[in-house]
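Chain by chain, the residues run as shown.
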Amino acid sequence: MNKKSLAIAVAAMATVAFTAGCGSSAEKAAANADKTLVVGMEPTFPPFEFTEDDKYVGFDIDYAQAICDKMGVKMEIKSMGFDALIPALKSGQIDMIASGMDATPERAKQVAFTNTYFHDGYSVVVRKDNNTIHGFDDLSGHIAGSQVGTKGVDLAQSHGAEVKQYDANSQGWMELNSGTCDAVVINTSVALYYLKQGGDKDLKIAGEPQLAPDGIAMAVSKDKPEQLEKVNSAIQELKSDGTYAALYKKWFGVEPRDN
């Protein structure tokens, strides 16, 4: 083989190798684009997740979408009751929980929590004409509403309240306004958002909030450590590139603290 033939042969081999490489990358990208992460949430928890004009909106919605974008996968939202989220994750019905969930030690026995992305507390909300409940210590002997499966139920019970549990947080506001419960125990950020949207016309926060001992995190199956690593990596990237801070300010109106 002369030099000219050799050069042509080498060029041809390089072209084939390049084409094969491009094909492999394209196939990988296409395969990844077809992957879907099913995200479970209970969408009556503004500003984390709620329904507006028949669309799911909120901080968790935007943040979960940003995580999926970083991972190169599609996001599918699956709505369900809050107390059904962990069983659904364990049974494989959903791939991740993004629903303002406190990463408690008890829950950590069942699911793998991501790095925390929010720290909250719990508040007592009463009607404005209520002059007997001034905070958690006054709940004893009263009926307090709180969402089933949440820390609010535990707090109300530990302070002697008779707890009326409901599936959707919107029900709590309705019952409080109608007088079928005396107070609602709920995340402080959710209470503040509701009052800011006009709820302060009839309702108020009673006393000081109690800080939650555990941060809020997303959760994945304990059987999928590689998925946990990918989600945590995406979370770190979103904090580094400013996306997290922008979404935090969009939904909570302030700069994020160190979460």
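Residues numbered from 1 in each chain as written. Predicted model: local features only at pLDDT ≥ 70, side-chain atom pairs only at ≥ 80, totals over all residues. Heavy atoms only, no water.

*Asks:* Which residues make up the packing of helix 2 (residues 59-71) against helix 8 (residues 225-240), and what values go with them?
*Replies:* Between helix 2 and helix 8, the least distance of the axes is 9 Å, while the angle of their chain directions is 105°. As far as their axial angle goes, helix 8 and helix 2 are roughly perpendicular. Residues Tyr63, Ala66, Ile67, Lys70 and Met71 of helix 2 form the contact with helix 8, whose own contacting residues are Lys230, Val231, Ala234, Ile235, Glu237, Leu238 and Lys239. Among the residues making up the contact of helix 2 with helix 8, the classes are represented as 8 nonpolar, no polar and 4 charged. (Axes fitted to C-alpha atoms, helices over the stretch in contact; angles between N-to-C directions. Helix = DSSP H or I, 4+ residues; strand = E, 2+ residues; numbered from the N terminus. Parallel < 35°, antiparallel > 145°, perpendicular 65-115°, else oblique. Contact = heavy atoms within 4.5 Å. Nonpolar A, V, L, I, M, F, W, Y, C, P; charged D, E, K, R; others polar.)

*Asks:* Tell me about the pattern of salt bridges, and name the residues and values.
*Replies:* On inspection of all chains with the given rule, the structure shows 7 salt bridges. Of the charged contacts, one joins Asp62 and Lys250 as a salt bridge, the two residues approaching to 2.8 Å between their closest N and O atoms. With Asp62 in helix 2 and Lys250 in helix 9 (residues 243-252), the pair connects residues that are 188 residues apart, well separated along the chain. By relative accessible area, Lys250 is classed as exposed at 54%. Across the salt bridge formed by Lys249 and Glu255, the nearest N and O atoms sit 3.3 Å from each other. Lys249 gets classed as partly exposed once you look at its relative accessible area, which sits at 43%. Taken together, the shared-partner salt bridges connect Lys70, Glu237 and Asp241 into one network. (Salt bridge = Lys/Arg side-chain N within 4 Å of Asp/Glu carboxyl O. Buried < 20%, exposed > 50% of the residue type's maximum accessible area, 1.4 Å probe, protein only.)

*Asks:* Give me empty space enclosed by the protein: which residues, what numbers.
*Replies:* What the rule picks out here adds up to 2 cavities of 30 Å³ or more. Approximately 90 Å³ is the volume found for the largest cavity. Forming the walls of the largest cavity are 13 residues, and the residues nearest its centre are Phe45, Phe82, Gly100, Thr150 and Asn187. Among the elements that take part in the lining of the largest cavity, strand 5 (residues 96-102) stands out by supplying 3 residues, more than any other. Classifying every residue of the lining of the largest cavity by side-chain character gives 3 nonpolar, 5 polar and 5 charged. By volume, the second largest cavity is sized at about 30 Å³. Along the walls of the second largest cavity sit Phe45, Tyr122, Ser146, Gln147, Thr150, Gly152, Asn169, Val185, Ile186 and Asn187, which together make up its complete lining. (1 Å grid on protein atoms, 1.4 Å probe; cavity = no way out; pocket = protein on both sides within 12 Å on 5 of 7 lines; lining within 4 Å. Points joined across faces, edges and corners; volume = space filled by probe spheres on them.)

*Asks:* Tell me about the sheet that holds strand 5, residues and numbers included.
*Replies:* On the basis of which strands lie adjacent, the open sheet formed by 5 strands has the order 4-1-5-12-6 and mixed pairing. Each edge of the open sheet is held by one strand with a lone partner, namely strand 4 (74-79) and strand 6 (112-113). The pairing of strand 1 (residues 36-41) with strand 4 spans 6 bridges and is classified as parallel. Bridging across to strand 4, Leu37 finds its partner in Met75. Lying over the sheet, helix 2 contacts strand 1, strand 4, strand 5 and strand 12 (216-220), oriented at roughly 145° with respect to strand 4. (Pairing = 2+ DSSP bridges.)

*Asks:* Can you break down the side chain of Glu42 residue by residue, with the values?
*Replies:* Along the chain, Glu42 turns up in the loop between strand 1 and strand 2 (50-52). Polar side-chain contacts of Glu42 include one of 2.6 Å to the side chain of Gln147. (Polar contact = N/O pair within 3.5 Å; in protein donor to acceptor, adjacent residues only side chain to side chain.)

*Asks:* Talk me through the sheet that holds strand 10 (residues 183-187); I want residue IDs and the actual numbers.
*Replies:* The 5 strands are arranged 9-8-10-7-11 in an open sheet whose pairing can be described as mixed. Every other strand in the sheet has two partners, leaving strand 9 (162-166) and strand 11 (203-211) as the edge strands with one partner each. In this sheet, neighbouring strand axes are inclined to one another by 30° on average, regardless of whether the strands run parallel or antiparallel. For strand 8 (residues 143-147) and strand 9, the ladder comprises 5 bridges, and the chain directions are parallel. Residue pairing in the sheet places Ser146 in a bridge with Gln165 of strand 9.

*Asks:* Lay out the pairing of strand 12 in plain terms, naming residues and giving numbers.
*Replies:* Across the 5 residues of strand 12, 5 count as buried, placing the element largely inside the fold. Across the two faces of strand 12 the burial is the same, with Ile216, Met218 and Val220 and Ala217 and Ala219 all buried. The sheet contact formed by strand 5 and strand 12 spans 3 bridges and is antiparallel. Considered in strand 12, the bridge of Ile97 is made with Ala219.

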